[in-house]
Amino acid sequence: MSDGELGALHVRGATVGQLQTAASSILAPLAVTAPGVDGFHADIDAAAVGRAAVARIRGSAHLVTRTPRAITSTDPELLKVTLHRSAGPAAADQGGLQSRAHGGDFVVFDMTRPYRLAVPDGCDVMAVGISRTELGRHADTVARQAARRLPADAGAQAVLSAFLLGLGRHLDELKGPAQAQVGDALVSLLIAAFTESAPGRMDTETDLVDRIRVYTLANISEPSLCVDSVAAAHGISARQLHRLFHRTGTPFAAWLRQERLERIRRDLLDPAHDSRTAAAVAARWGIHDPRHLARALKAHYGQSARDLRQGRREPGRPS
């Protein structure tokens, strides 16, 4: 997210459609539905804080979804951090993990993947949209906690909660250097809160795996990227790299293939890339063998490149 991308936004009594438009402009395309559309209302306040987007949303019961069809390769790779203030529960669902957040709880969502957030009793929520690059080597540590409930009652989580609540009251007052400095503080607090709470805490090996992932994603378009080249770039042996990723539950080669295929799939589903052949799309993400691409797509998604594009063009068919 670039500086100045989001100007200050204030909407009172927003409709469902206005909330969807606002939330999509603040973060990335989202779908918002409500059980009582006619009686729905929401108040929205949002602004850029450094290179993060911060918003406070208070409104009636509704459901927010990030669907596979809405995710494209041109979307920024954002993480969304929400602080729930209302007493009623918020039901989060991403990647098969479900949780129920109450007032004072944080929940993280990875905007590059589908998710659902239901607030059946209405909401009062602070939301932060931040690029993975801003979190650097900590991005994967934060993303791994997607859809998990994180209480904000102690430690760095409590400090972050108080900071966000104060920030929500003074969004319009941050100008020039102060905005950037507060943005830097926000990033530091996010890292502190979500690495402090990470299962098993951060250790030397976890830190190294995060650095390897960040490096790999930054160079993912290079066809020569492999276990040997990545290991050499980090001063370890290929055997050590295999051991590190074995402990994560996903071998390095499988993880890299999955990341490449997900980006290829997003491009194939994106109308902006219709003029490119499937081979050209795959080459953009480091896969140059059409036969390998065809086998991998079929094995991973059960569809060919043509199937993916055709399904997107035909209403009613799953993408």
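Since the model is a prediction, treat every value here as computed from it, not as a measurement.

> Just checking my understanding: could you explain the sheet that holds strand 7 (residues 90–94) for this structure?
As a general point, the strands of a sheet are linked pairwise by backbone hydrogen bonds and lie either parallel or antiparallel. Judged by pairing direction, the sheet is antiparallel, and its 5 strands sit side by side in the order 2-5-10-7-8 without closing on themselves. Strands at the two margins of the open sheet, each flanked by one partner only, are strand 2 (31–33) and strand 8 (97–101). Here the average twist between neighbouring strands, direction ignored, is 15°. Pairing geometry for strand 5 (residues 62–66) and strand 10 (residues 115–119), over 5 bridges, is antiparallel. When the bridges of strand 10 are listed, Leu 63 appears paired with Ala 118.

> Mind showing me how you'd approach helix 4 (residues 155–169) here?
Here helix 4 contains 15 residues, and its C-alpha end-to-end distance of 22 Å stays within 8% of the 21 Å for a straight helix at 1.5 Å per residue. Looking at helix 4, one finds that the buried residues are Ala 156, Gln 157, Leu 160, Ser 161, Leu 164, Gly 166, Leu 167 and Gly 168.

> What is the right way to read the sheet that holds strand 4 (residues 52–59) from this model?
One open sheet accounts for 7 strands, arranged 1-3-4-11-6-9-12; its pairing is antiparallel. The strands lining the two open edges of the sheet, one partner per strand, are strand 1 (9–14) and strand 12 (149–151). Recorded for the sheet is a direction-independent mean angle of 20° between the axes of neighbouring strands. By the bridge criterion, 7 bridges tie strand 4 to strand 11 (residues 123–131) in an arrangement that is antiparallel. Within the sheet, the bridge partner assigned to Val 54 lies in strand 11 and is Val 128.

Basis of the calculations
Residues numbered from 1 in each chain as written. Predicted model: local features only at pLDDT ≥ 70, side-chain atom pairs only at ≥ 80, totals over all residues. Heavy atoms only, no water. Pairing = 2+ DSSP bridges. Helix = DSSP H or I, 4+ residues; strand = E, 2+ residues; numbered from the N terminus. Axes fitted to C-alpha atoms, helices over the stretch in contact; angles between N-to-C directions. Expected span 1.5 Å × (residues − 1). Buried < 20%, exposed > 50% of the residue type's maximum accessible area, 1.4 Å probe, protein only.

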